[in-house]
Amino acid sequence: MKRTLAALTLAATAASVLATGIASAADPIVIKFSHVVAENTPKGLAANKFKELVAERMGDKVVVEVYPNSQLFGDDKVLEAMQLGDVQLAAPALSKFSRYTDELALYDLPFLFEDLDAVDRFQQSDKGQAMMESMKKKGLIGLGYLHNGMKQLSSSKPLRVPEDASGLKFRIMSSDVLEAQFEAVGATPLKKPFSEVFTLLQTKAIDGQENTWSNIYSKKFFEVQPYITESNHGLLDYLVVTSAEFWSGLPDDVRTELKAALDESVAYGNEIARSKADEDRQLIIESKRSEVIELTPEERAQWVQMMKPVWKKFEKEIGAELIDAAYAANQD
Ligand code: LMR
């Protein structure tokens, strides 16, 4: 009897060890990475790279599922979903965090950065890095900046000088700075999710929008917008973001490995951002669906003059010191 009991106990222990083993092998940590753009874009490719690296290096422990094209969540819902634990990673445009922090609005100021090198210099500075932590109290933490590129203006009419935009309706991301930027040239801005832009343009519910070459190309905006003004007037960049609760709850070794894979994927995406802007611009020109308008220095100066007063309007909210530091990054 004694022996039978001991044997039973042993068998039960073995079964439970086995079951635990099976459970942990069958239950890797799942990271849902939700984004709104096409896969063949800097963000889409960076997200896929991250999935690939994690599968290669820690496939038994972590699985990354990437949901592109607003399949899982659109811009308006993803951060709320993250706070609720329904999604673990996203990389919304810096313009889409206004409900969580005032600081990131800095990046929307028109004509702030001359190019991506200046953006890099600022983002890698202490001030730029500290901004990634500005939403910690709201349960969100930034893990890295990811580039897309400089924005252009697409429209149903040729836009050469600011007056050309007057009275036109433009779709914007959910940012008060971008709203003020279009109001400054007498246009009507409308905050709409990215997933609706193509239809709004196609049905002529709006006249234009601002975006990067890669988004204009991959979402086919150029097929329904006869003119694109190469204005490079603003920046479209992303913050790779996660929930503080999820991130701090990960085992230390997993978190370290994930961060390394993410840094590599972001660096890869940032390289692509630079080449893709030129490639997609060229593809749009070759399509002959849309005319690309290059501004003379005098024409561009008029846009700067009309839009730059927006800086003053948001100086208090963003912080004058932060604006000065970002602007100073143009001189290397
Ligand atoms: C947009 O809404 O225009 C962009 O933020 C989309 C994106 O994520 O690049």
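What counts, and where the lines are drawn
- Numbering of residues starts from 1 in each chain and follows the order in which that chain's sequence is written.
- Owing to the predicted nature of the model, reporting of local features is limited to residues with pLDDT of at least 70; listing and counting of side-chain atom pairs is limited to 80 or more, with chain, interface and lining totals taken over all residues.
- Only hydrogens and water are removed before side-chain values are computed, so all heavy atoms of the structure are retained for them.
- Burial here depends on accessible area, computed with a 1.4 Å probe over protein chains only, as a share of the maximum for the residue type. Under 20% is buried, over 50% is exposed, and the range in between is partly exposed.
- Secondary structure elements follow DSSP: runs of H or I of four or more residues count as helices, runs of E of two or more count as strands, with numbering from the N terminus.
- What the arc describes is the spread of directions from the helix axis to the C-beta atoms.
- Whether two residues are in contact is decided by their heavy atoms: any pair within 4.5 Å suffices.
- Criterion for a salt bridge: a side-chain nitrogen of Lys or Arg within 4 Å of a carboxyl oxygen of Asp or Glu.
- A molecule or strand has a residue near it when one of that residue's heavy atoms lies within 4 Å.
- Polar contact is the term for a pair of N or O atoms within 3.5 Å; when the atoms are in protein, one must be able to donate a hydrogen and the other to accept it, and sequence-neighboring residues count only if both atoms are side-chain atoms.
- Calculation of accessible area relied on Shrake-Rupley with a 1.4 Å probe; when residues are assessed, cover is drawn exclusively from the protein chains displayed.
- Amino acids outside the nonpolar list (Ala, Val, Leu, Ile, Met, Phe, Trp, Tyr, Cys, Pro) and the charged list (Asp, Glu, Lys, Arg) are all regarded as polar, and Gly is one of them.
- His is not counted, nor are the chain ends, whereas Lys and Arg count as positive and Asp and Glu as negative.
- Grouping buried Ala, Val, Leu, Ile, Met, Phe, Trp, Tyr and Cys residues that are joined through side-chain atoms within 4.5 Å yields what is termed a nonpolar core.
- Every residue is assigned a pLDDT by the predictor, reflecting its confidence on a scale from 0 to 100.
- Any two strands with at least two DSSP bridges between them are considered paired.
- Pairing of aromatic side chains requires ring centres within 6.5 Å, counting the rings of Phe and Tyr and the six-membered ring of Trp. Pairs whose planes differ by under 30 degrees are stacked, by over 60 edge-to-face, and all others tilted.
- Ring-over charges, as used throughout, are those where CZ of Arg or NZ of Lys falls within 6 Å of the ring centre and within 35 degrees of the ring normal.

For helix α4 (residues 116–123), the full list of buried residues reads Leu116, Ala118, Val119, Phe122 and Gln123. In a view along the axis of α4, the buried residues occupy a sector of 155°, so they form one face of it. Taken together, the buried residues of α4 touch α5 (126–131), β4 (140–155), β8 (227–243), α10 (252–287) and α14 (320–328).

Tallying each qualifying case throughout the model produces 18 salt bridges. Measuring nitrogen to oxygen at the nearest pair gives 2.8 Å for the salt bridge that ties Lys312 to Glu315. Given the relative accessible area of 59%, Lys312 is considered exposed.

Here the focus is the environment of Lys51. If you trace the backbone, Lys51 turns up in helix α2 (residues 42–58). For Lys51, a relative accessible area of 39% puts it in the partly exposed group. Residues Lys51 and Ser265, 214 residues apart in the sequence, show an inter-C-alpha distance of 9.1 Å. Beyond its immediate stretch of four places on either side in the chain, Lys51 contacts Val64 and Val66.

By nearness alone, every residue bordering the ligand is listed as Val36, Val37, Lys43, Ala93, Lys96, Arg171, Met173, Phe194, Asn211, Asn215, Leu236 and Tyr238. Contacts to the ligand include Asn211, whose side-chain N or O atom sits 2.8 Å from an oxygen atom. Asn215 places a side-chain nitrogen or oxygen 2.9 Å from an oxygen atom of the ligand. A total of 270 Å² of accessible area belongs to the ligand in isolation, and the protein chains cover 100% of it. Taken together, the residues of the shell around the ligand break down into 7 nonpolar, 2 polar and 3 charged.

Inspection of the secondary structure assignment puts Arg171 in strand β5 (residues 169–172). Asp75 provides the closest opposite charge to the buried, salt-bridge-free Arg171, at an N-O distance of 4.3 Å. A polar contact of 2.9 Å, which involves the side chain of Arg171, links it to the backbone oxygen of Lys192. Every residue in contact with Arg171, bar those within four places of it in the chain, is listed here: Asp75, Leu190, Lys192, Pro193, Phe194, Val197, Ile206, Gly208, Gln209, Glu210 and Asn211.

Before going further, it helps to examine unusual backbone geometry. The phi angle of most residues is negative, glycine excepted, and most peptide bonds adopt the trans form. Positive phi is not limited to glycine here, since Lys220 has a value of about 60°. Residue class for Lys220 comes out partly exposed when judged on its relative accessible area of 43%. With phi around 60°, Lys288 is a residue other than glycine that occupies positive phi space.

Moving on, we get to the side chain of Asn211. Structurally, the position occupied by Asn211 is in strand β7 (residues 208–211). At a separation of 3.2 Å, a polar atom in the side chain of Asn211 contacts the side chain of Gln209. Residue contacts for Asn211: discarding those within four places in its chain leaves Met150, Lys151, Gln152, Arg171, Phe194, Ile216, Phe221 and Leu236.

Residues Phe33, Phe50, Val54, Leu89, Phe170, Leu258 and Trp303 are the most contacted members of the largest nonpolar core, which totals 58 residues. Formed by 40 residues, the second largest nonpolar core is a distinct cluster that contains Ala90, Leu116, Ile318 and Ala326.

With 92% of its residues at a pLDDT of 70 or more, the protein chain has an overall mean of 93. Here residues 1–23 is a poorly scored stretch, pLDDT under 50, and it has 0 contacts once near neighbours within four places are set aside; other chains count.

This part covers the pairing of β5. Every other side chain in a regular strand lies on the same face of the sheet, so the side chains alternate between the two faces. Pairing analysis gives 4 bridges linking β5 to strand β6 (residues 188–191), with the strands arranged parallel. What sits directly across from Lys169, in β6, is Thr188.

Per the counting criterion, the structure on display carries 8 aromatic pairs. Where Tyr107 meets Phe113, the ring centres are 6.1 Å apart and the plane angle is 25°; that geometry is what we call stacked. For the pair formed by Tyr107 and Phe113, the shared burial category is buried. Note on Phe170 and Phe182: the rings are 4.6 Å apart at their centroids and 25° apart in plane angle, and the pair reads as stacked. A residue pair is termed long-range when its members are at least 10 positions apart, and Phe170 in strand β5 and Phe182 in helix α6 (residues 176–183) qualify at 12 residues. A single burial state applies to Phe170 and to Phe182, both of which are buried. Lys49 extends its terminal NZ or CZ atom over the ring of Tyr268, reaching a point 4.6 Å from the ring centre.

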